[in-house]
Amino acid sequence: MSAWNGPIADGKAVREGPPEFIEIDSVENPVLTSDDVTGLENPTGVADPFVVHEGGRYHAFFEVITDDPGEDDVFAEVIGHAVSDDMLDWTYTDVVLDTAGHLAYPYVFHWNDEWYMAPDTGIEGQFRIYRASSFPTDWEHVETLVERDGLVDPSPFRWNSRWYALCGVLQGEQDTDDYDLSLYHADELFGEWTEHPASPVATGNEIARPGGRPIVHDTYVDVFFQDCQRTYGDKVQPYKISELTPETYDHERYETGPIVEASFDEAWNYDGMHHVDFGLAYAGDRNVVATDGKATGWNQRFSIGFGQLP
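In what follows, the accompanying structure is described. This one's a predicted model, so the numbers in the text were calculated from it and none came from an experiment. All residue numbers refer to position in the chain's written sequence, counted from 1. A pLDDT threshold of at least 70 governs which residues receive local features in this predicted model, and a stricter bar of 80 or more applies before side-chain atom pairs are shown or counted, although totals over entire chains, interfaces and linings include all residues. To get the side-chain values, take all heavy atoms of the structure and skip hydrogens and water.

1. A short note on the sheet that holds strand S1 (residues 22–23)
A strand pair is defined by DSSP finding two or more bridges across the two strands. Under the scheme used here, helices are H or I runs from DSSP no shorter than 4 residues and strands are E runs no shorter than 2 residues, and both carry numbers assigned from the N terminus. Spatially, S1-S22-S21-S20 is the arrangement adopted by the four strands of the open sheet, whose pairing is antiparallel. Edge positions in the sheet fall to S1 and strand S20 (276–277), since each has one partner strand and no second. With two bridges joining them, S20 and strand S21 (residues 289–294) adopt antiparallel strand pairing. Pairing of Asp277 across the sheet is with Ala290, part of S21.

Here's what the structure looks like:
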């Protein structure tokens, strides 16, 4: 039995070293933009990429932001999919999950020979699990594990035969960037999830909410949190969870951070970068890391790019 952390049997990283992100000389970012999205009216951005390998091909799942033409300042989000043979050249396929509400951060993982997705549901505040009835296109809701006002970006991982999930929990009004970083745990994926006694493990907007897939090593876990002190989606900082039991938790920030951040140079990411997925790179599958970038002060201009570990 294995949880997804790249295409390896025991679900643990085979590469060590602190997480770092560098450009790929042969790749011109962004690789995926709203211009690649077909079949939707007024797509305005793509963000939160998670990439996995199945059937000899690479699959990217990501948030697609669409401008509702009937109302001002109203946005809808669905989960889109793209496919690649080399993880560098991508072809958009279609929307694979649409619940008529907010969907983002499509955390895709593998467990007990099944593909699952735990997306962000926005103001509904639900940590839901979907299972692929036909990967990668068809997903069915299996169970809602946690319901809590303001809960966003659930990031489950398996550590020492137990499940944990880091989640952001919005504090106050929806247009603020103040969050609690909350921690939940359970014996089994579909068991009883309870809040960890050390939760919240951080508060405020410096460690606002998860910013990508945790990477499980033999003796620690790498995790990635959004730093929203300047603005929402500004940068992602890397942390190491050095202690984690059902009763205890401790993390420390890597000195190599931030992993990705606003470039301020009129490029595709000049106003922010708020997501990374190191899963395949640390699993030894292919040294490519998915990320996103923001080119205006609001998230409808997000696009997706790729880099690598040094």
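2. Observations concerning the nonpolar core
Within soluble globular proteins, side chains that are nonpolar tend to cluster in buried spots. In these notes, a set of buried Ala, Val, Leu, Ile, Met, Phe, Trp, Tyr and Cys residues joined through side-chain atoms within 4.5 Å is what counts as a nonpolar core. Burial here depends on accessible area, computed with a 1.4 Å probe over protein chains only, as a share of the maximum for the residue type. Under 20% is buried, over 50% is exposed, and the range in between is partly exposed. Membership of the largest hydrophobic core comes to 21 residues, with the highest contact counts inside it found for Leu32, Val51, Phe62, Met87, Trp90 and Phe306. Taken together, the elements giving at least two residues each to this core come down to strand S2 (43–54), strand S3 (57–67), strand S4 (75–84) and strand S22 (302–308). When residues in this core are grouped by element, the largest group, four residues, is from S3.

3. Overview of the pairing of strand S8 (residues 126–134)
Summarising the sheet, strand S7 (residues 114–120) and S8 pair through two bridges and their orientation is antiparallel. Within S8, the position partnered with Tyr116 by the bridge is Arg131. Once S7 ends, the chain turns through five residues before running back antiparallel as S8, passing Gly122 with a positive phi of about 65°.

4. Section: the environment of Val146
Turning to its location among the elements, Val146 is positioned in strand S9 (residues 138–147). Residue classification places Val146 among the buried positions, given a relative accessible area of 7%. Taking the C-alpha atoms as reference, Val146 lies 33 Å from Thr38; in sequence the two are 108 residues apart. A contact between two residues is defined here by any heavy atoms of the two lying within 4.5 Å. For Val146, the contacting residues outside a window of four places in its chain are Gly125, Gln126, Phe127, Leu151, Tyr184 and Trp193.

5. Some words on the side chain of His196
With respect to the helices and strands, His196 occurs in the loop between strand S13 (194–195) and strand S14 (202–204). Polar contacts, as used here, are pairs of N or O atoms within 3.5 Å; protein pairs need one atom able to donate a hydrogen and one able to accept it. Residues neighboring in sequence count only if both atoms are side-chain atoms. A polar contact of 3.5 Å, which involves the side chain of His196, links it to the backbone oxygen of Pro246. Here Thr248 takes part through its backbone oxygen, which lies 3.4 Å from a polar atom of the side chain of His196. If we skip the residues at most four places from it in the chain, His196 touches Tyr164, Leu183, Tyr184, His185, Leu244, Thr245, Pro246, Glu247, Thr248 and Tyr249.

6. A closer look at the packing of aromatic side chains
A ring pair, where both rings are aromatic, is described by two values, the distance of the centres and the angle of the planes. Whether two aromatic rings pair depends on their centres lying within 6.5 Å, for rings of Phe, Tyr and Trp, where Trp uses its six-membered ring; planes under 30 degrees apart make the pair stacked, over 60 edge-to-face, and the rest tilted. A complete count under the given rule lists 18 aromatic pairs for this structure. Ring geometry for Trp115 versus Phe135: centroids 4.7 Å apart, planes at 25°, classification stacked. Taken as a pair, Trp115 in strand S7 and Phe135 in the loop between S8 and S9 lie far apart in primary sequence, 20 residues in all. A network of ring pairs unites the aromatic residues Phe50, Tyr105, Tyr107, Phe109, Trp111, Tyr116, Trp163 and Phe190 as a single cluster. Either the NZ atom of lysine or the CZ atom of arginine qualifies as a charge over a ring when it sits within 6 Å of the ring centre and within 35 degrees of the ring normal. Its end group placed over the ring of Tyr107, Arg213 keeps NZ or CZ at 5.3 Å from the ring centre.

7. Remarks on unusual backbone geometry
The omega torsion of the bond from Asn29 to Pro30 falls at 5°, within 30 degrees of zero and hence cis. Mapping Pro30 onto the fold places it in the loop between S1 and S2. The omega torsion across Ser199 and Pro200 is 0°, close enough to zero to call that bond cis. Note that Pro200 resides in the loop between S13 and S14. In the Ramachandran plot, Asn160 falls in the positive-phi region, its phi being about 50° despite a non-glycine side chain. Structurally, Asn160 is set in the loop between strand S10 (151–159) and strand S11 (162–170).

8. Some words on the state of the cysteines
Among covalent bonds in proteins, the disulfide is the one between the sulfur atoms of two cysteines. When two cysteine sulfur atoms lie within 2.5 Å, the pair is treated as a disulfide. Under the defined criterion, the tally for this structure stands at zero disulfides. Free of any disulfide, Cys167 has its nearest neighbouring cysteine sulfur in Cys228, separated by 16 Å.

9. Some details on the side chain of Arg213
Summarising the element assignment, Arg213 is placed in the loop between S14 and strand S15 (215–216). From its side chain, Arg213 meets the backbone oxygen of Val108 in a polar contact 2.9 Å long. At 2.9 Å, the side chain of Arg213 forms a polar contact with the side chain of Asp277.

10. Some details on the sheet that holds S8
Pairing is antiparallel in the open sheet, where four strands are placed in the order S6-S7-S8-S9. Looking at the sheet topology across the chains shown, the edges are occupied by strand S6 (104–111) and S9. Across the sheet, the mean angle from the axis of one strand to that of its neighbour is 25°, orientation sign disregarded. Every angle, taken between N-to-C directions, lies between 0 and 180 degrees, and every axis is a line fitted to C-alpha atoms, over only the stretch in contact when it is a helix.

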